[in-house]
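Observations on chain architecture
So the chains spell out like this:
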Amino acid sequence: MDEGTFDVIVIGTGLSESISAAALSKAGFKVAHLDKNPYYGAEEASLFLDEFVQWTKDSPDGCFAFSRSGNESLPQSRQYSISLSPSVIASTGPLISSLISSGVSRYGGFRLLDQFGIYDSSGTVSRVPGNKEDIFKNKNISLVDKRRLMRFLTFAAGDFEEAKELKDNERAPFVDFLRRTFSLNDDIVSTITYALSHCLSASDTTLPALQRLRRYLRSAGRYGSSPFLFGHYGSSGEIAQGFCRTSAVAGGVYILGKPISSITSTPQLDDDPNHRNYTIHLDDFPDPLTCDIIISSEKHVPNDLVEHVKRVSTKSGTEAVVSSYPSVARCVAIIDRPISFLPSQNSQEGDSLEEDVDAAEEDDDYSPEAEPSASKAKPTQAPVDAGILVFPPSSLSGGSATTFSVTAFIVGDSTMSTPKDKWIIYISTPVAQDNTFSPEEILRPYLDAVLALALPIDPSDSAPTPLTPLFTTFYLQACPTSPSVPPSTSSTSVGQSSHIISSDSTTSTTRTYLIPPSLPLLPLPESPDAAALGAESVFWEAVNVLKRLRGLRQAKSELGVDKTDREETQAQEQREGEIQIESFWPPLNQNDDEEL
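Right, let's walk through the structure included here. (Residues numbered from 1 in each chain as written. Predicted model: local features only at pLDDT ≥ 70, side-chain atom pairs only at ≥ 80, totals over all residues. Heavy atoms only, no water.)

1. What about the overall build of the protein?
Heads up, the condition is: Working definition: helices are DSSP H or I runs of at least four residues, strands are E runs of at least two. Numbering for both runs from the N terminus. Contacts are assigned to residue pairs with any non-hydrogen atoms lying within 4.5 Å of each other. Using a 1.4 Å probe, the Shrake-Rupley method yields the accessible areas, and only the shown protein chains count as cover for residues.
Looking only at helices and strands, the protein has 13 helices and 23 strands in total. Long-range pairs, those at least 24 residues apart, make up 77% of the contacts in the protein between residues at least 6 apart in sequence. When the accessible surface of the protein is split by element, carbon and sulfur atoms take 48% of a total near 26,100 Å².

2. Side note on helix α5 (residues 143–157)
Note the cut-off: Expected helix span is given by 1.5 Å per residue-to-residue step, counting one fewer step than there are residues. Relative accessible area decides the class of each residue, using a 1.4 Å probe on protein chains only: under 20% of the type maximum gives buried, over 50% gives exposed, and in between gives partly exposed.
The end-to-end C-alpha distance of α5, which contains 15 residues, comes to 21 Å, matching closely the 21 Å that a straight helix rising 1.5 Å per residue would cover. Taken residue by residue, α5 has Leu-143, Val-144, Asp-145, Lys-146, Leu-149, Met-150, Phe-152, Leu-153, Phe-155 and Ala-156 as its buried positions.

3. Some thoughts on unusual backbone geometry
The peptide bond linking Leu-522 to Pro-523 adopts the cis configuration, its omega dihedral lying at -5 degrees. Turning to its location among the elements, Pro-523 is positioned in the loop between β23 (513–515) and α12 (526–559). At Tyr-233, a residue that is not glycine, the phi angle is positive and equals roughly 60 degrees. Structurally, Tyr-233 can be placed in the loop between β10 (228–231) and α9 (236–249).

4. Examining the environment of Ser-16
Its location among the elements puts Ser-16 in helix α1 (residues 15–26). Overall, the relative accessible area of 3% leaves Ser-16 in the buried class. Setting aside residues up to four positions removed in sequence, Ser-16 forms contacts with Pro-516, Ala-531, Gly-534 and Ala-535.

5. Focus on the pairing of β10
Formally: Whether two strands pair comes down to DSSP finding at least two bridges between them.
The alternating pattern of β10 places Phe-228 and Phe-230 on one face and Leu-229 and Gly-231 on the opposite face, and all of these are buried. As paired strands, strand β6 (residues 89–90) and β10 are joined by 2 bridges and run antiparallel to one another. Note that in β10 the partner of Ile-89 across the bridge is Leu-229. Where strand β7 (residues 110–112) and β10 come together, 3 bridges link them in antiparallel fashion. Note that in β10 the partner of Leu-112 across the bridge is Leu-229.

6. A short note on helix α11 (residues 439–451)
What counts is decided by this rule: Here the bend at a residue is taken as the angle between two axes, fitted respectively to the seven residues that end there and the seven that start there.
In a regular helix each residue adds 1.5 Å, so 13 residues correspond to 18 Å; α11 covers 18 Å between its end C-alpha atoms and thus fits that length. The largest bend in α11 amounts to roughly 25 degrees and is located at Pro-445. When we look at burial in α11, the residues that qualify are Pro-439, Ile-442, Leu-443, Tyr-446, Leu-447, Ala-449, Val-450 and Leu-451.

7. Regarding the sheet that holds strand β20 (residues 471–478)
Worth spelling out the cut-off: In this analysis an axis means a line fitted to C-alpha atoms, helices contributing only their contacting stretch, and an angle means the value between N-to-C directions, from 0 to 180 degrees.
Here 8 strands make up an open sheet; going across it, the order is β4-β20-β16-β19-β18-β17-β8-β9 and the pairing mixed. With partners counted over all chains shown, the strands left at the sheet margins are β4 (63–70) and β9 (125–127), one partner each. Strand-to-strand, the axes of this sheet are offset by a mean angle of 20 degrees, without reference to chain direction. Relative to strand β18 (residues 406–411), strand β17 (residues 386–391) is paired through 6 bridges, and the arrangement is antiparallel. In the strand pairing of β18, Gly-387 is matched with Ile-410. On the sheet, α11 packs against β4, β8 (115–119), β16 (327–335), β17, β18, β19 (423–431) and β20 and is oriented at approximately 135 degrees with respect to β19.

8. What to know about the pattern of salt bridges
Inclusion rule: The working definition used for a salt bridge is a side-chain nitrogen of Lys or Arg within 4 Å of a carboxyl oxygen of Asp or Glu.
Counting across every chain of the model gives 23 salt bridges. In this structure, Glu-165 engages Lys-164 in a salt bridge whose closest nitrogen and oxygen atoms are separated by 3.7 Å. Residue classification places Lys-164 among the exposed residues on the basis of a relative accessible area of 71%. The salt bridge partner of Asp-292 is Arg-276, with a shortest N-O separation of 3.9 Å. Here Asp-292 is found in strand β14 (residues 289–295), whereas its partner Arg-276 is found in the loop between β12 (260–265) and β13 (278–282), with 16 residues between them in sequence.

9. As for the packing of aromatic side chains
Threshold: Between 30 and 60 degrees the pair is tilted, below 30 it is stacked and above 60 it is edge-to-face, where a pair is any two Phe, Tyr or Trp rings, Trp via its six-membered ring, whose centres lie within 6.5 Å. By definition, being over a ring means that NZ of Lys or CZ of Arg is both within 6 Å of the ring centre and within 35 degrees of the ring normal.
The final tally for this structure, using the stated rule, is 26 aromatic pairs. A centroid spacing of 4.8 Å and a plane angle of 35 degrees characterise the contact between Tyr-119 and Phe-391, whose relative ring orientation is tilted. In this pair, Tyr-119 is assigned in strand β8 and Phe-391 in strand β17, connecting sequence segments 272 residues apart. The exposure class assigned to Phe-391 is buried, which follows from its relative accessible area of 0%. Between Tyr-325 and Phe-404 the ring centres are 5.7 Å apart and the planes differ by 70 degrees, which places this aromatic pair in the edge-to-face class. Of this pair, Tyr-325 sits in the loop between β15 (309–311) and β16 while Phe-404 is found in the loop between β17 and β18, placing the two residues 79 residues apart along the sequence. Cluster of aromatic residues (ring-pair linked, three or more members): Phe-152, Phe-155, Phe-160, Phe-174, Phe-177 and Phe-182. The ring of Phe-6 carries Lys-30 above its face, with NZ or CZ at 4.9 Å from the centroid. Geometry around Phe-160 places Arg-214 over its ring, the cationic atom sitting 4.3 Å from the centre.

Taken by themselves, the reported measurements are silent on function.
Structure follows, in structure tokens:
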């Protein structure tokens, strides 16, 4: 195979594309990975502060309505890793599995979230419990409610898909399901809905919310008290780079900083064993690249190649993320004083979990008034260095988000994302179709509410100086929309190849331009696992197509020109059967530790 000839060319170094490239390279295929940007990560990249400021000025794809304030040239600007797609990783899920199975976890570091809070209309922040024991030690919940909550959590942690409680409620609003089926009060419903299940609005449906909650419950305790991890140096962008490194170790070729000038379909010559389906030309790059399969997002597909496209779906059959809102409002702010979420109770005080549960179970008529009063001890003020604060809809007086929740995500120097004694605040919320506010008008009240939680420089100062960010930017990011590629070009599920009849052909053809599933922008834990699931779907689709093409190519080469269609088909099937790939990731070996 010539240097410029590949089995697969992957366009864009986003997380999903990077996982696919690494898996295909480790499976023995020749992969080229392209990105017009000089950095890894694409839309999920982690940028230095100076790169991020320039990015906001360059009118990036899908992002608009930028506003900036503060110092754009802070000292130590290259010690900041600002994520274009801030997210957290569930301790149990597809991405964690891929990180471990591929060996990429050894290329980076991770940190557990140390605080998770929920804001209420009184202006206070309560800690979101990390496990069942935290819930039952909370003295603000009556024992009757604790028993109801325990029943619900036991249900949510199990295999509930066929449970009688869920029957005919799968598409019902989750908040109604919690109240009606489990008799939970409004405060508990709000915490479960927006903090534990990461719903974005009161209209979010029950089944997806329960599935997210189950992942939360099953993730707690795997690596520590928090169910969620955050990768060092901006998380998703750095993780994508780790998968690219794995691909390169396995032979993948990387070309960054070279925009694509053209993608063309290569005409099939009669019985040419060296034929490749596509030719790609890059700006300021001397030689064209050819390949059998292209993997990229839909935005890279030329109009004349739409008929070649197959939109890959995941195991759940989801072809693309189609949001009920057109965009997400985002804020990125840099501060130089720590934020603290004040817990509503001291988790070390009060009765044991067993005593609380036993009391509730033994007395059906138990009254909240009979419960011992909470301790009056003043909670300690622990600074947040990796934490999430959720604002349910209408929880902030003066806030404009009355339909959707707002999420603030704070990271500090322990995540390797900032210099010492600096923090980054990411704030995001969906934006309604009829919105008339700017992103700053939407998010400024929530930024101010987070800044009001800053610890004073002097602990004895009764009137600390208000915290002003060193740098702030607000902008809108467009959500994935309904696919423009015809629905008939969607594949069915992981591990299955499907031959689709082209509209201008009467013969069965294999679509060889693969589009991974779109990734959700929110909530924070969704995108990383969705990227891993989509990458696995693309991997198996590519493997099936490449096996077919290799088998056909080898059969033609062995049989020569004097062959019948039956002989060619038999030889092709035999050669396809000789290509054995049994798992997404092959077993690790010592060579996987090799340095680039």
